[in-house]
Amino acid sequence: MLIKIAWRNIWRNTSRSLTILIAIMIGLAAALMASAFSMGFVQQRFNNVIERFVSHIQIHNPDFVHDGEVTQYLTNPQEIMQQIQKNQAVKQVAMRTKVNGIIASAKVSGGVQINGIDPETEQKLTDLNGWLVKGAYFEGVKRNPVYIGQELANKLKADVGSRLVLNFQNLDGEITAASFKVVGIFKTIDVAFDETTVFVQRTDINPLLGSEQLAHEIALLSNDFDRLSSLKQQLQQQFPELEVRSWEKLSQELVLMQEMTSQSLIFLVFIILLGLGFGILNTMLMSVFERTRELGMLMAVGMNKKSVFQMIMLETIFLSFTGAAAGMLLGFGLISWLGNQGINLASVAGDSLAIYGYGNMIYPYLETPFYLQTAVLVLLIALLSALYPAFKALQLVPAEAVRKE
Amino acid sequence: MLFILAWRNLWRNKRRTLITASSVFFAVILALVAESMTKGSHEAMVSNMVKLSTGYLQLQDSLYEDEPSVDHAFMYDDTLKQIIRQTNGIAYVVPRFESFMLAATEKSTRPVMLRGVDFEAENRLNEMGHKLLAGTSPEANDQAVLLADGLAERLKMNVGDSIILVGQGFRGMSAAGIYPVKGIVKISLPRLNDQLIFMPLAATQQLFGAEDRLTALLITPEEKGQTDLLAEQLRAQLDPQWFKVLTWKQMMPTLLQSLELDKASGMMIIYMLYLVVGFGILGTVLTMMLERQREFGILLSVGMKRSQLALITFVETVFISMIGVAAGLVGGFPIILYMHHHPIRFGEEMEAMFETYGMEAVMPFALDVQVFGSQAVVVLLITLVIGLYPVFKVFRMNILKAARN
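None of these values were measured; they are calculated from a predicted model.

A few words on the environment of His72 of chain B. All names here are of chain B. By the element assignment, His72 lies in the loop between β1 (57–61) and β2 (74–75). Since its relative accessible area comes to 14%, His72 is described here as buried. Between the C-alpha atoms of His72 and Glu223, which are 151 residues apart in sequence, the distance is 30 Å. For His72, the contacting residues outside a window of four places in its chain are Asp61, Leu63, Tyr64 and Glu67.

A word on helix α11 (residues 293–301) of chain B. Residue and element names in this part refer to chain B. Among the residues of α11, those classed as buried are Gln293, Glu295, Phe296, Gly297 and Leu300. Structurally, α11 contributes buried residues whose contacts are with α1 (2–12), α2 (14–52), α10 (253–291), α12 (306–341), α14 (369–396) and α15 (399–404). Note on α11: the residue one or two positions beyond its end, Gly303, has a positive phi of about 110 degrees.

What follows deals with the pattern of salt bridges. Any two side chains of opposite charge can pair, so long as their charged atoms come close to each other. Residue and element names in this part refer to chain A. One pass over the full model with this rule turns up 23 salt bridges over all chains. A salt bridge links Lys134 to Asp159; the shortest N-O distance between them is 2.9 Å. Of this pair, Lys134 sits in strand β4 (residues 132–135) while Asp159 sits in the loop between α6 (150–156) and β6 (163–169), and the two are 25 residues apart along the sequence. Between Glu195 and Lys155 there is a salt bridge; the shortest N-O distance is 3.3 Å. One end of the pair, Glu195, is in helix α7 (residues 191–196); the other, Lys155, is in helix α6, with 40 residues separating them in the sequence.

Residues and elements named next belong to chain B. Where burial is concerned, most of strand β9 (residues 196–200) is hidden: five out of the five residues are buried. Of the two faces of β9, the one holding Leu196, Phe198 and Pro200 and the one holding Ile197 and Met199 are both buried throughout. As judged from the five bridges shared by strand β4 (residues 109–117) and β9, these two strands associate in the parallel manner. Bridged to Arg115 within β9 is Phe198.

For the rest of this paragraph, the subject is the side chain of Ser251 of chain A. Following the sequence through the fold, Ser251 of chain A ends up in the loop between α10 (247–250) and α11 (252–290). By relative accessible area, Ser251 of chain A is classed as buried at 10%.

Residues and elements named next belong to chain A. Under the definition given, this model contains 26 aromatic pairs over all chains. Centre to centre, the rings of Phe53 and Phe193 are 4.9 Å apart; their planes meet at 85 degrees, and the pair counts as edge-to-face. Placement of the pair is Phe53 in helix α2 (residues 14–54) and Phe193 in helix α7, with a sequence separation of 140 residues. Among the aromatic side chains, those forming a connected cluster through ring pairs are Phe53, Trp131, Tyr137, Phe138, Tyr147, Phe186, Phe193 and Phe199. Here Arg52 stacks its cationic end above the ring of Trp131, 3.8 Å away from the centre of that ring.

Here is what the cut-offs are and how they apply
- Residues numbered from 1 in each chain as written.
- Chains lettered and ligands numbered in written order.
- Predicted model: local features only at pLDDT ≥ 70, side-chain atom pairs only at ≥ 80, totals over all residues.
- Heavy atoms only, no water.
- Helix = DSSP H or I, 4+ residues; strand = E, 2+ residues; numbered from the N terminus.
- Buried < 20%, exposed > 50% of the residue type's maximum accessible area, 1.4 Å probe, protein only.
- Contact = heavy atoms within 4.5 Å.
- Salt bridge = Lys/Arg side-chain N within 4 Å of Asp/Glu carboxyl O.
- Pairing = 2+ DSSP bridges.
- Phe/Tyr/Trp six-rings, centres within 6.5 Å; stacked < 30°, edge-to-face > 60°.
- Lys NZ or Arg CZ within 6 Å of the ring centre and 35° of its normal.

Structure below.
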């Protein structure tokens, strides 16, 4: 009976009901969008940094992690590689020779991290070729090609085809110098990386260092990101004398950024939900006062206070459920659409971002449980917000309420 | 006359006015908190990074940025000092002479960054970032060095050991010397902590054969927000053929980019907040219009012009929003003040990581007049747009129906 009255009440005054309904719908859709956007933002940064720079897991000689000396290499890297490749959970793996050195053109010199790579496997792991802006990715230069960053090229006044001298310490502790030819120039999203990192072929640098099989680092991507920690443990057990580290340990800067960004985004989503709550509270409150006369009439003809309270709550529940359902649909639609389309942050932040090209497209996404959680939260807020107005309605004195115009 | 009517209308039904004003009030408070948080964390990241690395402004030789060689160190003479002294808005300056060199011990050689500094000025710029771990800081006229602890570890050096520095001096001279390690310092920027050596400025200039020359003069403005303006002022006074003035934004584009991305994502969410609070206020105003239909109907039927009535409702909305915004500013101030002094803390496990980067593990809130001003204006604008609805409604109102309601 009450349910019927409540349901009829809603449709008796469509514009009022629609107002509340739309407020809940928009609020929920906005809260969902905000969460999806945050997730997409955090994910985007992760993809950019982890998949293209750090990889999921790296393996080193423990001493190398500490000192980074060229003599602290991996023993039997080929064998380690073969064993890792056998692991089903590993998607892609590559090894690198790493040595610190100084790169010099005729005029300027600078400290760099020299990475000796196998261009093909490296390409599969980090899509290094994808950053190419000029020249080619290890093609066209037969002896000693070097792949350098745009920033370093500018600093050294070097171009494709320029000769550069690399100075570094070899395995015997002697300073070695060798001439390399710029084969290609890359530009990543990290200017500091572009200024301080160069790539050469392992087959070129290893003989100069004094050992054909030399490698300091093995980096890999996993097939199943969710089971990364078990893969890490597995590898650590397999190679107890080596140091196996996952991305959290490797890129603390990213973890820090991630933490700060996600915390502040969560905080903002919370603020949005509060805003939604206050909106509903005020609208419901206003609607109770608007209905003073009507409610007073109901009480005067004998409806008890409990029933009035229940009726208002029921109305709110109907409205909230309908609003929440509509909001979910709207939010889901928007997120799916924008998830495909992407949001270009440059359009919000202005031109300063446009010049970077990379990293400003956000693809919002939300996992299914999140929809339900947010929906439940919004419903809860709606109901809580309805409580106060419903209590207010209880305090109406029928005799006065009826007389009000 | 109309104003008086509108004002009286407000107080005729206080409850209604208060509900509407309170929805504006909450909107302002939430917008304030959200914006203050976004701005606060943004500023904390900037000042942290800026203080640790480049400073807010740098004065350099015009060729140094493209070709950071000691050959492009500039003369820090009386004319220049005079200009600095006479420019308003400079808090203090930090002179530096820095260059890449090779550092050698008995066992190994590593590329290092030698930074000749005025220790007093450096500490003023960044007291948090440099933590003395062992020994003491060299005096201004000492021939000794202060090692970053990551580098000291890699070179396996302690206080009292001697370090050999080899590099290229000023204009073809060679720079080589042996110096005692007087202290070891921790720098909250891992990348620098592994390669930085501090030396008193005079000793450094002497080593390079570049007396009175600097590679960069860091300038700290009195007001951080005036950085760009100050840069312009300095540029106007210096010959661009010889000098270049760079801001941190120009020197650290990667940082700027990631900050801009952060800011843009925060803005996206704040827009959604505006949407939600906007609908909250709209809901209240819509319901208010329903409540007053009869009143308006009667007013119109006794001969009030629609335009007059529309004006009155609009003026009422303006009054209500001003009351709400003013109350929101007054009510928001203590909240922001409290949050500014008691920022939200991150979990304990994050604290160590934040400390590595010389940051406090908190979500800071900015206490800034600009935040109050901008949010007041935004919410006021939203409310005024919403205030057009009653106007529109009055013009379309069916008098007979409304009066009979």
